[in-house]
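Each chain, letter by letter, is given below.
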Amino acid sequence: MLLFTPGPTPVPEAVRMAMSTPTLHHRTPEFEEIFAEARKGLLKLLKMPEAVMLASSGTGAMEACVLNLCHKKALTVNAGKFGERFGKIVLSCGLELRELKYAWNTPASVEEVLDAVREDEDIDAVCIQIAESAGGLRHPVEEIAAELKKIRPQISVIADGITAVGVEALDTENIDALIAGSQKALMLPPGLAMIGLSEAAVEKIGTGRGYYFNLAGEISKQRKNTTAYTAATTLIIGLNAIFTLIEKRGGMERIYKETAARARANTAALEAIGFECYPQTPALCMSAVYDEEADTIRDILKKRYGVNIAGGQDHLKGKLFRINQMGIIEPYEAAWVMDAIESALSDMGRREYGGIAGRVFNRVYFEEMQR
Ligand SMILES: *Cc1c(COP(=O)(O)O)cnc(C)c1O
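Anyway, here's the lowdown on the structure attached to this text. Since the model is a prediction, treat every value here as computed from it, not as a measurement.

Conventions adopted
Residues numbered from 1 in each chain as written. Predicted model: local features only at pLDDT ≥ 70, side-chain atom pairs only at ≥ 80, totals over all residues. Heavy atoms only, no water. 1 Å grid on protein atoms, 1.4 Å probe; cavity = no way out; pocket = protein on both sides within 12 Å on 5 of 7 lines; lining within 4 Å. Points joined across faces, edges and corners; volume = space filled by probe spheres on them. Helix = DSSP H or I, 4+ residues; strand = E, 2+ residues; numbered from the N terminus. Expected span 1.5 Å × (residues − 1). Buried < 20%, exposed > 50% of the residue type's maximum accessible area, 1.4 Å probe, protein only. Near = heavy atom within 4 Å. Polar contact = N/O pair within 3.5 Å; in protein donor to acceptor, adjacent residues only side chain to side chain. Areas by Shrake-Rupley, 256 points an atom, 1.4 Å probe, with all protein chains shown as cover. Nonpolar A, V, L, I, M, F, W, Y, C, P; charged D, E, K, R; others polar.

Here the focus is empty space enclosed by the protein. A full pass over the atoms with the stated rule returns three cavities of 30 Å³ or more. Of the voids in this model, the largest cavity is the one considered here, and its volume is about 100 Å³. Around the largest cavity, the lining is made up of 13 residues, and of these Met-53, Leu-54, Ala-55, Thr-227 and Thr-230 lie nearest the centre. Elements supplying a minimum of two residues to the lining of the largest cavity: β2 (50-55) and α8 (215-222).

Written out as C-alpha cells, the structure reads:
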C-alpha cells in the first residue's frame, strides 16, 4: 500500500534500519553525541538561534509554546482543525483568547490580524499555522509576522510549521517559535516534536512555565546535549538518519525543489482531469480537492489501486481528499497516485480513462526539475 496521507508519511527503510539498533541509555556520552548531531541538524533545518526537541506529538509543542510564550492573551487564527486547536490550548492554559475565524479555504488577512492586535493591548502572542492541514491552506505567516513586529515588537509569533518545516524554505526572521513534528515532512514515526526559538523567545520564556513542558528547563539541558526527562532516543537516532538521507539526496534545497515540483505537477494533473484545488492559497504540503464523492474515490484508491490518501474532517467529512506532497517521494510513486485517481473516476463512470493525469504529472514534474 502506498501511504500518501499528509501525515503520517512513510518512514524510509534507511531510517527504520537506523532505529532498529539496541536501545541506548539516554544519560551516556554515546547518546549525548547522537543528541549533539541531531541538535546541530535541527538548528540548521529550522534556521533559528535556539531549538528544543520534546518527546510528544506536535500538539505537545503547540501547548509548550502557548504556555511559555503567552503571558496574558493570545490571538489565534482558526481556519481549520489545527487553528481551532490553538484556541482550545490557550483556554486550557487559563489565558485569554481572541480568535479570528476563517472558512477552511481562506487565508488569514494580514490587515485583520493587525487590526485585532492594534485594538487590544493585552495580546502578547499570535498563534497561527503556516500550513493549515485541515484544508491544505497556506497562511501568509511571514508577512503577518513582519507587520506585527512593526506595530508591537515585543509580541511573540508562534508559528505551527508542522506541515511547512522541511517542505519549503521559510523566512524565520520575525517568527519566535517555529514548531515541527516528526511524522510529516521528516518522515519519522510520530512522537518527536521540535521547536525553533528566537532570541527574544528565549528571553521571554525566562524561568519557564508548566512542568513537563517547561521550555526553560529544556533549553538549559539541551544546550548541554541532554534532556530534562527521558529523551525519545530512538526517534532522535531516526532524525539523524533522515538528515543523512536528505544530504545524500542533495540537501534541503533539493528537497524543497522536488516538493515544489511535485505540488505543481499534482495540481496540473488534477486540474487536467476536472478537479479544482480547495484552498484559495494552496500549501505545498498537500493537494486538497473538494469533491462530493471524495470518499468513494478514496475507497477505490485503497481497495483497487493500493493507495491510501486522507479525507476531510468535520463539515468536510466525505467531501475532501488530501494527497501528501511532503518528504522524499519518488516521482513514479506520485505519478501512479495521479493515474490511479483518473482510473477511479473511470471506474465510477465519471470520465473515460485517457492516461492524462499521469502524463501531465510527468511532463510538469520533469520540466520543473529541469529549471
Ligand atoms: C499534524 C499536525 C499537527 C500535530 O498533530 P499531532 O497529532 O499532535 O502530531 C499540528 N498542526 C498541523 C498543521 C498538523 O498538520
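Counted at 1.5 Å a residue, the expected span for helix α10 (residues 251-272) with its 22 residues is 32 Å, and the 32 Å between its end C-alpha atoms agrees. Trailing α10 by a residue or two, Gly-274 shows a phi angle of about 95 degrees, which is positive.

A few words now on the pairing of strand β8 (residues 156-160). Within β8, five of the five residues are buried, which leaves it mostly tucked inside the rest of the structure. Residues Ser-156, Ile-158 and Asp-160 line one face of β8 and the alternating positions Val-157 and Ala-159 line the opposite face, and both faces are buried.

The environment of the ligand is formed by 14 residues, the closest being Ser-57, Thr-59, Ser-133, Asp-160 and Lys-184. Ser-57 places a side-chain nitrogen or oxygen 2.5 Å from an oxygen atom of the ligand. Protein chains shield 88% of the accessible area of the ligand, which is 380 Å² for the free molecule. Elements with a contribution of two residues or more to the shell around the ligand: α3 (58-69) and α4 (81-92). Ranked by residues supplied to the shell around the ligand, first place goes to α3 with three residues. By residue class, the composition of the shell around the ligand is four nonpolar, seven polar and three charged.

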